[in-house]
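So the chains spell out like this:
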Amino acid sequence: MLPVRAVTIALCIMGLLAAMLAVTGIFGMTSYSVSKRMKEHGIRIALGAQRSTVLWLILGEGMKMAMTGVFVGTVAAAGLTRLMSQLIYGVSAADPVTFAGVIIVLTTVAFAACYVPARRAMRVDPMVALRYE
């Protein structure tokens, strides 16, 4: 059992590292996009857009990117179930509850990674953004 346990632990560690890298990437790309489009967000707010509209605009862009990754990852995971079936016991390789749980967790974490920069864009003062640069 030791080789199987070692491989499982290594896969768990690599999975956690990959998830942290993905969250960092989503947060970084969203933050960069928000900082580059600060003037645009200021103009939108100055012209009468609700701050919540700006929030949902940025969240939508970030979540579109995240959901694409979740979809590609789910398809790849479903395709690799035969390889994983030898490493797991007591659960089928294509367990729908596990797949749904992972999708929910990844989507929630991606939403949180997008929410912080979106709140920053929502709070921008239109006059400061228009004077920016």
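Look up: the structure comes first, before these words.
(A) Main features of the overall build of the chain. On a plain count of helices and strands, the chain comes out with 6 helices and 0 strands. Listed N to C, the secondary structure of the chain is α-α-α-α-α-α in terms of helices and strands. Taking 14 Å as the expected radius of gyration for a compact globule of 133 residues, we find that the chain reaches 20 Å, considerably beyond that expectation. Each principal axis of the C-alpha distribution contributes one length, and for the chain these read about 65 × 25 × 15 Å.

(B) Representation of helix α3 (residues 51-79) within the structure. End to end, α3 covers 42 Å across 29 residues, agreeing with the expected 42 Å (1.5 Å per residue, within 8%). At its buried positions, α3 is contacted by α1 (2-36), α2 (38-46) and α5 (96-122).

(C) Broad picture of the environment of Gly-101. Inspection of the secondary structure assignment puts Gly-101 in helix α5. With relative accessibility at 30%, the residue Gly-101 sits in the partly exposed group. Distance in space between the C-alpha atoms of Gly-101 and Val-116 is 23 Å, their sequence separation being 15 residues.

(D) Highlighting the packing of α2 against α3. One can describe the packing of α2 onto α3 by two numbers: an axis separation of 9 Å at closest approach and a directional angle of 145°. Pair α2 / α3 crosses with right-handed handedness. Between α2, through His-41, Arg-44 and Ile-45, and α3, the contact on the second element is made entirely by Arg-51, Val-54, Leu-57 and Ile-58. Grouping the constituent residues of the contact of α2 with α3 by class yields 4 nonpolar, 1 polar and 2 charged.

(E) Structural context of the side chain of Ser-31. Within the secondary structure, Ser-31 is located in helix α1. Given a relative accessible area of 13%, Ser-31 falls into the buried group. For Ser-31, the contacting residues outside a window of four places in its chain are Pro-117 and Arg-120.

(F) Broad picture of the packing of α1 against α5. Two numbers describe how α1 lies on α5: the axes approach to 9 Å, and their chain directions differ by 20°. On the basis of their axis angle, the class for α1 and α5 is roughly parallel. Taken as a pair, α1 and α5 cross one another with a handedness that is right-handed. Between α1 and α5, the residues in contact are Val-23, Ile-26, Phe-27, Thr-30, Ser-31 and Val-34 and Val-109, Ala-110, Ala-113, Cys-114, Val-116, Pro-117, Arg-120 and Ala-121, respectively. The residue makeup of the contact of α1 with α5, split by class, is 11 nonpolar, 2 polar and 1 charged.

(G) Fine view of α5. Helix length check: α5, at 27 residues, gives a terminal C-alpha distance of 37 Å against a target of 39 Å (1.5 Å per residue), a fit within 8%. Approximately 30° is the largest bend angle found in α5, and it occurs at Tyr-115, with the proline Pro-117 only one to four residues beyond. The secondary structure elements touched by the buried residues of α5 are α1, α2, α3 and α4 (81-84).

(H) Summary view of a nonpolar patch on the surface. Among the surface-exposed residues, Val-7, Leu-11, Met-14, Leu-80, Leu-83 and Met-84 lie close enough to one another that they form a single nonpolar patch of about 550 Å² accessible area. Those elements that provide at least two residues to the nonpolar patch are α1 and α4. Among the elements that line the nonpolar patch, the one with the most residues is α1, at 3 residues. Looking at the element boundaries, Val-7 is found in helix α1.

Definitions and limits used
- Residues numbered from 1 in each chain as written.
- Predicted model: local features only at pLDDT ≥ 70, side-chain atom pairs only at ≥ 80, totals over all residues.
- Heavy atoms only, no water.
- Helix = DSSP H or I, 4+ residues; strand = E, 2+ residues; numbered from the N terminus.
- Rg over C-alpha atoms; globule rule 2.2 N^0.38 Å.
- Expected span 1.5 Å × (residues − 1).
- Contact = heavy atoms within 4.5 Å.
- Buried < 20%, exposed > 50% of the residue type's maximum accessible area, 1.4 Å probe, protein only.
- Axes fitted to C-alpha atoms, helices over the stretch in contact; angles between N-to-C directions.
- Left-handed = near helix turned anticlockwise from the far one by under 90°.
- Nonpolar A, V, L, I, M, F, W, Y, C, P; charged D, E, K, R; others polar.
- Parallel < 35°, antiparallel > 145°, perpendicular 65-115°, else oblique.
- Bend = angle between axes of the 7 residues up to and from the residue.
- Patch = residues over 30% accessible without salt bridge, like charges linked within 9 Å, V, L, I, M, F, W, Y side chains within 5 Å.
- Areas by Shrake-Rupley, 256 points an atom, 1.4 Å probe, with all protein chains shown as cover.
- Salt bridge = Lys/Arg side-chain N within 4 Å of Asp/Glu carboxyl O.

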